[in-house]
Amino acid sequence: MPNVRPSRAKKRSLTFAALGLAPALVVGGLVVGGTDILNDDVGLAADSPITLTGHGHGHGRGLGQWGAYGYAKKGWSADQILRHYYGNTTAGKVSKPDVTVSLSEKKSVSVHAAAGMRVGGQTVAPGQAVRLSGGNAAITQGCGGAVVKTVKAAQVDPINTAPNRPANELLTFCSGDEAYRGSIGVDSSGVVNKLHVDDYVKGVIPKESMPSWGDSGGFEALKAQAVAARSYIVAGLEQGRKMDNTQQSQMYHGAGGEDPRTSRAADATAGQIRLLNGKPALTEFSASTGGYTAGGLFPAVVDAGDSISPTHNWKATVSAASIASAFGVGGLKSFEVSEANGLGDGSGRVVKVRVVGTDRTVEATGDQARTKLQLKSDWFAVQGQKSMPKIVKPQVGPESPGGGGLLDLGPLGDVLNKVVPGLSALGMPDDLDGVANKVQPLIQKLIEEGTKALNQKAASLDRPVNRERSDNSQGSTGTVSAPELLTDGRGMQGLVQVLQNGVLYFSPMTGAHALFGDALTDYLDKGGLDKLGFPTADALR
């Protein structure tokens, strides 16, 4: 449908349909995405500093370790913590307790154990060692000693393969003196450690969490970490993933790093995992969510416990030259967040960035930007950015295990709260009717405040609104009986009201402004509300 040009075709009626507008969804999607406009015309000096303000540390998916600690200190149990971060999961038990982990830094196997070992059906006496190579196991007199016997084998087992064995039974590498529970072997991926999952978890928690939390009210957080670590390894192996001992999977370096406090948490949750659709859940976790988890496999949730995290808030300054080099765009002209998830402070986590340079323009994910710029997380904002990112929300869960979370209205919560006081304290009901009952008064209040602002604007312009009503609810005579609630392409909600030969626009962030004549024509030609967002100034000619 063609755009209406009031100043050039005054006899044609103005309607919302003619303006290319559609009413906004009121319940179940208050903030809807769109597009933003980036300023490609302003170049940046190579040494220009760009300041990023951010939240959290890590990818933010699933359990936040600092948040879990904060919740534990508030009295939450491990089960409450797990249900909060891993929405839609249920408690379960491990059915196959043995796991295999690649020891990525190990290139060969030569081990010993004070209590002796077993290899290829042979018993290895205390004081002897075993070296694996080419499908054979050489039993030697101590590490590097003379060969006593050679057998066919690709794995060395402890004298007793049961879990939770004493230190003298653990296999210890001749080089480095690192002790491991379970068996050590070689397969197509390299050196591997095969052991009971509960033994494995004991080596993970102190590397991924802080044992001292067990002394300061955080034992339930360590228990939750144990369940998450156990579920993650089991799910990963069932899904055919290669699980190693680095951050690509989970940090793990055997028994040497174990701590009595985290081992107690592992024992207290022995065999426990989380199930998703009846199968082990891939329970990712990160150091700090910044106050809101990222969503993904599990619904995004508010993380009030994270307020104690040392990286809850952070700031980084990056030079224009560094950004340009990281993305390979030549000289940097602009760097902006183009899409975000709309959860938490600002616009929430970055979904996409747009990097404009003298050589080319690059779009990248928030996580790619985090990696390339070595940021703590993908939740950041560019200080001074004037355009609003498109909002792309993930599935959102309740604030606490029993429900009663906040009703999230997207990145404009603070702005809307000025229009509707008390908005941030609104509770989330459990059913759709409850949501509608909660939202409708807010929308009505927004309409009332916006209508008042529009009437004041119309009065100041001395161009009254024609209150005639047509049979068409959108107003086929060029007028409407009341403003329409609409959402622009950047996720901003507001009101649009057709006047005689012009249009009034209102949003909580921009206020009320009028467009008439050629100004309205140009605005519509350039994409109107969807492309340019709500006008920020009057244009009356």
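Residues numbered from 1 in each chain as written. Predicted model: local features only at pLDDT ≥ 70, side-chain atom pairs only at ≥ 80, totals over all residues. Heavy atoms only, no water.

Student: Mind laying out the overall build of the chain, listing which residues take part and the relevant values?
Tutor: Counting its regular elements, the chain contains 11 helices and 28 strands. Relative to its 541 residues, the chain shows a buried fraction of 53%. Restricting the contact set of the chain to residue pairs at least 6 apart, pairs at least 24 apart contribute 67%. With the model as given, the accessible surface of the chain reaches about 23,500 Å², and the carbon-plus-sulfur share is 48%. (Helix = DSSP H or I, 4+ residues; strand = E, 2+ residues; numbered from the N terminus. Buried < 20%, exposed > 50% of the residue type's maximum accessible area, 1.4 Å probe, protein only. Contact = heavy atoms within 4.5 Å. Areas by Shrake-Rupley, 256 points an atom, 1.4 Å probe, with all protein chains shown as cover.)

Student: Lay out the packing of helix H2 (residues 78–85) against helix H4 (residues 219–238) in plain terms, naming residues and giving numbers.
Tutor: At a minimum axis distance of 8 Å, the contact between H2 and H4 shows a crossing angle of 55 degrees. In terms of orientation, H2 and H4 fall into the oblique class. Considering the relative orientation of H2 and H4, their crossing is right-handed. The segment H2 lies against H4, with Ala78, Ile81 and Leu82 engaging Glu220, Ala221, Lys223, Ala224, Val227 and Ala228. In the contact of H2 with H4, the residues fall into 7 nonpolar, no polar and 2 charged. (Axes fitted to C-alpha atoms, helices over the stretch in contact; angles between N-to-C directions. Parallel < 35°, antiparallel > 145°, perpendicular 65-115°, else oblique. Left-handed = near helix turned anticlockwise from the far one by under 90°. Nonpolar A, V, L, I, M, F, W, Y, C, P; charged D, E, K, R; others polar.)

Student: So what's going on with the sheet that holds strand E23 (residues 380–382)? Residues and values would help.
Tutor: Spatially, 3 strands are ordered E19-E1-E23 in an open sheet, and the strand pairing comes out antiparallel. Every other strand in the sheet has two partners, leaving strand E19 (314–319) and E23 as the edge strands with one partner each. The sheet shows a mean angle of 30 degrees between the axes of neighbouring strands, direction not considered. When strand E1 (residues 49–54) meets E23, the two strands line up antiparallel, connected through 3 bridges. Paired with Thr53 across the strands is Ala381, a residue of E23. (Pairing = 2+ DSSP bridges.)

Student: Before we move on, could you go through the side chain of Asp198 and cite the residues and values that matter?
Tutor: With respect to the element layout, Asp198 can be found in helix H3 (residues 197–208). At 3.1 Å, the side chain of Asp198 and the backbone nitrogen of Gly271 are in polar contact. Those residues in contact with Asp198 that sit more than four places away from it in its chain are Arg230, Ala266, Ala270 and Gly271. (Polar contact = N/O pair within 3.5 Å; in protein donor to acceptor, adjacent residues only side chain to side chain.)

Student: I'd like a description of the pattern of salt bridges, backed by residues and values.
Tutor: In the structure shown here, the tally under the stated rule is 14 salt bridges. Residue Glu258 is joined to Arg181 by a salt bridge in which the shortest nitrogen-to-oxygen separation is 2.9 Å. With Glu258 in the loop between H4 and helix H5 (260–268) and Arg181 in the loop between strand E13 (179–180) and strand E14 (183–187), the pair connects residues that are 77 residues apart, well separated along the chain. The salt bridge partner of Asp215 is Arg261, with a shortest N-O separation of 2.5 Å. Highlighted residues: Asp215 in the loop between H3 and H4 and Arg261 in helix H5, separated in sequence by 46 residues. The exposed category is assigned to Asp215, whose relative accessible area is 56%. Ionic contacts of the salt-bridge type, sharing partners, join the residues Asp79, Arg83 and Arg274 into one network. (Salt bridge = Lys/Arg side-chain N within 4 Å of Asp/Glu carboxyl O.)

Student: If you had to explain the confidence of the model for the chain to someone new, which residues and values would you point to?
Tutor: On average, residues of the chain score 81 in pLDDT, and 78% of them are at 70 or above. Throughout residues 1–42 the model reports pLDDT below 50, and contacts reaching past four residues in sequence, or to other chains, amount to 118 contacts. Low pLDDT, under 50, characterises residues 402–436; the predicted model gives this stretch 69 contacts beyond four residues in sequence or across chains. (pLDDT = per-residue confidence, 0-100.)

Student: Pulling in residues and values, what's your account of the environment of Gly346?
Tutor: Summarising the element assignment, Gly346 is placed in the loop between strand E20 (332–340) and strand E21 (350–357). Exposure remark for Gly346: the relative accessible area of 47% places this residue in the partly exposed category. Remark: the alpha-carbon pair of Gly346 and Met388, spanning 42 residues in sequence, is separated by 9.9 Å.

Student: Lay out the layout of surface pockets in plain terms, naming residues and giving numbers.
Tutor: In this model, the second largest pocket occupies a volume close to 680 Å³. If you trace the second largest pocket, you find 22 residues lining it, with Gly58, His59, Gln247, Phe285 and Arg370 closest to the centre. Breaking the lining of the second largest pocket down by element, the ones donating at least two residues are H3, strand E18 (285–286) and helix H7 (366–372). When the residues that make up the lining of the second largest pocket are grouped by side-chain class, the tally is 5 nonpolar, 10 polar and 7 charged. (1 Å grid on protein atoms, 1.4 Å probe; cavity = no way out; pocket = protein on both sides within 12 Å on 5 of 7 lines; lining within 4 Å. Points joined across faces, edges and corners; volume = space filled by probe spheres on them.)

Student: Tell me about the sheet that holds strand E3 (residues 90–93), and name the residues and values.
Tutor: Reading across from one edge, E3-E16-E17 is the order of the 3 strands in this open sheet, with antiparallel pairing throughout. Each edge of the sheet is formed by a strand with only one pairing partner; in this case those strands are E3 and strand E17 (279–280). Where E3 meets strand E16 (residues 272–276), 4 bridges bridge the pair, whose relative direction is antiparallel. Of the residues in E16, the one forming a bridge with Ala91 is Arg274.

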